[in-house]
Amino acid sequence: MSNCEKFAPLLSAYSDRELSAGESLLVRQHLFECEACTAELKTLEGIRGLMLEMPSAPEPRVNFEQLIAATRPQTGSRARLVLGLACVAVVVSLIAPGVMRTAHIVPPQTTNQELEREIARDQMIEAEADPTSGAPLVHLAGYSR
Amino acid sequence: MFSMLKSKTEAISANAEFEQLMRGAYRQAHSVAYRLTGNQVDAEDLLQESFVRAFRFFHRYDRSLPFLSWMYRIISNAHIDMVRRRNKLKPSSLDHGGKDGDQALEIADLSFCPGVELIRSSYSDCVQKALNAMNPEFRMAVVLSDVEGMSYEEIAAIMETSIGTVRSRIHRGRTQLRGFLLKLQPETYGRMI
């Protein structure tokens, strides 16, 4: 490897003063005796100069609050979710008591046949005779009205 | 219940801290994003993507490091992702260089661009064009060094690499930049650099 190949990659760091003292000294010694690397160093410094001369970036068109809002996309959807759940809860709380009340107030249905049978039994006990046959009732021991 | 309240309070204070730090870093972050992308639209896209990433990973932020440096790291990574995504979309637009992007990328012929005379009239536009054509890792290193005035050590911390790699990227970046400028405007830059 020639001296130029060895020192050329260090020239940018040399111009930026980012080499150690020992490395800087070696580069400086090489530059003293090498016109090509001295020219290369000037070119690199020219490039750096062009970068430094660039005008500052224009003002951002998007404002800070918009950018901050963009970092939290879930905020809106979470709010909507909470609102939706709240609406469901309200609807359920309004409907549920009515449904439960309806479920519990339905009385046990008695059919006409059952009612007739009960009346016939009561009449039979009252007359102490079978209403259909007229036969007297036999009281079982221990039975009372 | 208490732990829920506590975590809620912590989240609110983290959000407030994030907003405060970001407010301080916002303009600098935009400036770097603009230098990396070369135009307002892409700079804003990059900035927004970086804001979202920073917010998502804010719990990983090491308070001993400057917030701006951490933000630059995020911008750098987001920018590299952006460039890779675009290269995938337009595979024929760039002439792939070496494995590490050492070789020059092909620059579009500006003589076919509308308003080319306006671009050519301005050195800074031309330098920005040349910057845009650079490998993104080299571009970030050069921008942080030459525009933001950061030391190689700071750049190494931001780009999560060694000082030796930063040294190499800056040198190769400037060499690429010179090549692009000479290709864009040989008469002008042939005399200057």
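In this text, all values refer to a predicted model and were calculated from it rather than measured experimentally. (Residues numbered from 1 in each chain as written. Chains lettered and ligands numbered in written order. Predicted model: local features only at pLDDT ≥ 70, side-chain atom pairs only at ≥ 80, totals over all residues. Heavy atoms only, no water.)

**Some details on the overall build of chain B**
- From N to C terminus, chain B includes nine helices and zero strands.
- Scanning chain B from its N terminus toward the C terminus, one meets helices and strands in the order α-α-α-α-α-α-α-α-α.
- Of the contacts formed within chain B by residues at least 6 apart in sequence, a portion of 66% connects residues at least 24 apart.
- Total accessible area on chain B stands at roughly 10100 Å², and carbon and sulfur atoms take up 54% of it. (Helix = DSSP H or I, 4+ residues; strand = E, 2+ residues; numbered from the N terminus. Contact = heavy atoms within 4.5 Å. Areas by Shrake-Rupley, 256 points an atom, 1.4 Å probe, with all protein chains shown as cover.)

**Things to note about the overall build of chain A**
- Per the secondary structure count, chain A includes seven helices and zero strands.
- Across chain A, helices and strands are ordered from the amino to the carboxyl terminus as α-α-α-α-α-α-α.
- Across the 145 residues in chain A, those meeting the buried criterion constitute 23%.
- Counting only contacts in chain A whose residues sit at least 6 apart along the sequence, the fraction spanning at least 24 positions is 31%.
- Carbon and sulfur atoms make up 61% of the accessible area of chain A, which totals about 10900 Å². (Buried < 20%, exposed > 50% of the residue type's maximum accessible area, 1.4 Å probe, protein only.)

**Structural notes on the interface of chain B and chain A**
- Counting residues at the interface gives 41 residues for chain B, matched by 38 residues for chain A.
- Of the roughly 3600 Å² buried at the junction of chain B and chain A (both faces included), carbon and sulfur atoms supply 63%.
- Among the residues of chain B in contact with chain A, B:R167, B:H171 and B:R174 are the three that bury the most area, contributing 18% of the side total.
- Counting the contacts that link chain B with chain A gives seven salt bridges.
- Of the charged contacts in the structure, one is a salt bridge between A:E59 and B:R27, with a shortest N-O distance of 2.4 Å. (Buried area = accessible area lost by both parts, 1.4 Å probe. Salt bridge = Lys/Arg side-chain N within 4 Å of Asp/Glu carboxyl O.)

**Regarding a nonpolar patch on the surface**
- The grouping of A:V90, A:V91, A:L94 and A:I95 at the surface amounts to a nonpolar patch, some 390 Å² of accessible area in total.
- Its place among the elements puts A:V90 in helix α6 (residues 73-105). (Patch = residues over 30% accessible without salt bridge, like charges linked within 9 Å, V, L, I, M, F, W, Y side chains within 5 Å.)

**Quick notes on the pattern of salt bridges**
- Overall, the coordinates contain 16 salt bridges over all chains when judged by the stated rule.
- Here B:E19 makes a salt bridge to B:R23, at a shortest N to O gap of 3.8 Å. Remark: B:R23 and B:E19 occur in helix α1 (residues 2-37); sequence separation between them is four residues, near one turn of the helix.
- For B:R23, a relative accessible area of 43% corresponds to the partly exposed category.
- The partner of B:R73 in a salt bridge is B:E160, and the shortest N-O contact between them spans 3.5 Å. Of the two residues, B:R73 is situated in helix α3 (residues 67-89) and B:E160 in the loop between α7 (152-158) and α8 (163-184); the sequence distance between them amounts to 87 residues.
- It is possible to trace a salt-bridge network through shared partners that takes in A:D16, A:R48, B:D146 and B:R174.

**Notes on the side chain of B:D146**
- In this structure, B:D146 sits in helix α6 (residues 136-147).
- Residue B:D146 is classed as buried on the basis of its relative accessible area of 2%.
- Within the local environment of B:D146, its side chain forms a polar contact with the side chain of B:S145, the two groups lying 3.2 Å apart.
- Sequence-distant contacts of B:D146, that is, excluding residues within four places in its chain, are made with A:R48, A:M51, A:L52 and B:R174. (Polar contact = N/O pair within 3.5 Å; in protein donor to acceptor, adjacent residues only side chain to side chain.)

**A closer look at the packing of aromatic side chains**
- All told, the structure shown has 11 aromatic pairs over all chains when counted by the stated rule.
- Note on A:F64 and B:F51: the rings are 6.1 Å apart at their centroids and 70 degrees apart in plane angle, and the pair reads as edge-to-face. A residue pair is termed interchain when its members come from two chains, as with A:F64 in helix α5 (residues 64-71) and B:F51 in helix α2 (residues 40-56). Neither A:F64 nor B:F51 differs from the other in exposure class; each is buried.
- A ring pair is formed by B:Y61 and B:F67, whose centres lie 5.4 Å apart and whose planes are at 85 degrees; its orientation type is edge-to-face.
- A residue is classified by how much of its surface remains accessible, and B:F67, at 7% relative accessible area, is buried.
- Positioned over the ring face of B:F58 is B:R63, at 4.7 Å from the centre of the ring. (Phe/Tyr/Trp six-rings, centres within 6.5 Å; stacked < 30°, edge-to-face > 60°. Lys NZ or Arg CZ within 6 Å of the ring centre and 35° of its normal.)

**Remarks on the packing of helix α4 (residues 35-53) of chain A against α6(B)**
- The interhelical angle for the contact between α4(A) and α6(B), taken along N-to-C directions, is 75 degrees, at an axis separation of 9 Å. As the angle between them shows, α4(A) and α6(B) are arranged roughly perpendicular. Here α4(A) contributes A:R48, A:M51 and A:L52 to the contact with α6(B), which in turn contributes B:V142, B:V143, B:D146 and B:V147. (Axes fitted to C-alpha atoms, helices over the stretch in contact; angles between N-to-C directions. Parallel < 35°, antiparallel > 145°, perpendicular 65-115°, else oblique.)

**As for the confidence of the model for chain B**
All names here are of chain B.
- Looking at chain B as a whole, its pLDDT mean stands at 81, while 77% of the residues score no less than 70.
- Here helix α4 (residues 116-120) stands out as the element of chain B with the lowest mean pLDDT, 46, in contrast to α7, whose mean of 94 is the highest.
- Per-residue pLDDT stays below 50 along residues 92-99; that stretch engages in 11 contacts with residues further than four places along the chain or on separate chains.
- In the predicted structure, residues 110-117 sits below a pLDDT of 50 and forms five contacts with residues beyond four places in sequence or in another chain. (pLDDT = per-residue confidence, 0-100.)

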